[in-house]
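# Residue-level structural notes
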Amino acid sequence: MSELLSVFLHLLLFKLVAPVTFRHHRYDDLVRTLYKVHNECPQITRVYSIGRSVQGRHLYVLEISDYPGFHEPLEPEVKYVGNMHGNEVLGRELLLQLCEFLCEEFRNGNRRVARLVQDTRIHVLPSMNPDGYEVAAAKGPNSSGYLVGRNNANGVDLNRNFPDLNTYIYYNEKYGGPNHHLPLPDNWKSQVEPETQAVIQWMRSFNFVLSANLHGGAVVANYPYDKSLEHRVRGFRSAANSPTPDDKLFQKLAKVYSYAHGWMHQGWNCGDYFPDGITNGASWYSLSKGMQDFNYLHTNCFEITLELSCNKFPGQEELQREWLGNREALIQFLEQVHHGIKGMVLDENYNNLAGAVISVSGINHDVTSGDHGDYFRLLLPGTYIVTATAPGFDPETVSVTVGPGEPILVNFHLKRSMAQASPVKRAPSGGRRVRVKVQPRGARKKEMEVKQPRRGPA
């Protein structure tokens, strides 16, 4: 009898502290929900604002991590962005539900969630366009205006508002030039909306590795490039597959979400058919100045776009089914950041080197080490030749074999070249908040023995 009573009390406690509320949240409700989650899980959450919308609403982010507010070297940063189009609301509700779920499951001792929280720094922006949402919500789910609330308060589509870096990368791929971290024009801030500027500055403030942008109006996982390489035809770019150098990796990331989703992988949804429930963005339709291409070309972040519902503003009664259909996919996608290779870039005195370039032979897209010297490179299973370079140092090249599981830890120790070309940026030793775990966690922190690649023919 005592065991039954214990189970009953546990279930009652879970019900009391973890109420599942499937409803739409206006701006004030959204803010209250984020702070409610923070108050219930203060040890693993932090609420912060990355800026304000045109009408002055905060763009609030909930951070979920075992040390919120701190970057821990070798711990990857991941983000989710919802409600970029104000009338596409399912992503907003799913992300709020995800925040509640992670908090609840962490408190309830869910080992999978606890490991995710301990090994990952997660940032959730439920609404990038709160002004547009309020316009759409005022009309309600049954509104006949398909585009009502889509744009921000200035009437601008935020997913057509990022600096166009595709034109430069397509030129560079043909004639030579940088393949990553393409610079922005000096006047870029005057060319974008407040919400876009806030998100760009957010991207530049954190070394994000993986991201997803949640939309509605279809059911498919869409991966870069979004902008077609094809020439314009009567003012429009024709749809044509436009793969990135990481095309196979992006396809795998999209499939992870699609096949973990309740029905996306079936392909037939909303009157469209997408094999495996995924598509290259430009092969669907060409989109210029979009956010996912910008992530890939300006930062270290690999972002895909998730179209999650045929109905842009589903009724409240549909939210529970949508949550159950997306819950596992949202978790599995976060876990994908723990693949490939990662490590520290150090000089001969074991000082951390920021801004070092990590190149993978055969993949024409590099990444860089972050402000504290750590780098992350998502890769599919295989054997790779990887090189680290930094101004004023001799490059170092290693061969590494990546498996399907945990990321391989590959540290680089660069020696200063005899004729130093320019000073190198070192990671700060103070000022910014950095937390270093005393004990490494499992296989992720196990450094592999790297082999020097053979010279000459095999």
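Above this note sits the structure.
These notes cover the structure that comes with them. This structure is a prediction, so every number in the text was calculated from the model and none was measured.

### Section: unusual backbone geometry
- For the bond running from Pro 224 to Tyr 225, omega is -5°, close enough to zero to count as cis.
- Secondary-structure assignment places Tyr 225 in the loop between β6 (218-223) and β7 (232-233).
- Of note, Asn 83 is a non-glycine position whose phi angle comes to about 60°, a positive value.
- Counting through the fold element by element, Asn 83 comes out in the loop between β3 (77-82) and α3 (90-107).
- Residue class for Asn 83 comes out buried when judged on its relative accessible area of 0%.
- Even without being glycine, Cys 270 reaches a positive phi, approximately 60°.
- Along the chain, Cys 270 falls in the loop between β9 (268-269) and β10 (272-273).
- For Cys 270, a relative accessible area of 31% translates into the label partly exposed.

### Focus on the environment of Asp 293
- Mapping Asp 293 onto the fold places it in helix α10 (residues 291-298).
- Considered as a pair, Asp 293 and Asp 226 are 67 residues apart in the sequence and their alpha carbons are 6.4 Å apart.
- Once you skip the residues sitting within four places of it in the chain, Asp 293 turns out to touch Asn 166, Pro 224, Tyr 225, Asp 226 and Lys 227.
- Side chain to side chain, Asp 293 and Asn 166 meet in a polar contact 2.8 Å long.

### A look at the sheet that holds strand β14 (residues 357-360)
- The strand order β15-β14-β17-β18 describes an open sheet built from four strands, whose pairing is antiparallel. Two strands lie at the open edges of the sheet, namely β15 (363-368) and β18 (396-402), each paired on one side alone. Ignoring strand direction, the axes of neighbouring strands in this sheet form an average angle of 25°.
- Inspection of the sheet shows β14 paired to strand β17 (residues 382-389) by four bridges, in the antiparallel sense. When the sheet's bridge partners are listed, Ile 358 is paired in β17 with Ala 388.

The rules behind the values
- Residues numbered from 1 in each chain as written.
- Predicted model: local features only at pLDDT ≥ 70, side-chain atom pairs only at ≥ 80, totals over all residues.
- Heavy atoms only, no water.
- Helix = DSSP H or I, 4+ residues; strand = E, 2+ residues; numbered from the N terminus.
- Buried < 20%, exposed > 50% of the residue type's maximum accessible area, 1.4 Å probe, protein only.
- Contact = heavy atoms within 4.5 Å.
- Polar contact = N/O pair within 3.5 Å; in protein donor to acceptor, adjacent residues only side chain to side chain.
- Pairing = 2+ DSSP bridges.
- Axes fitted to C-alpha atoms, helices over the stretch in contact; angles between N-to-C directions.

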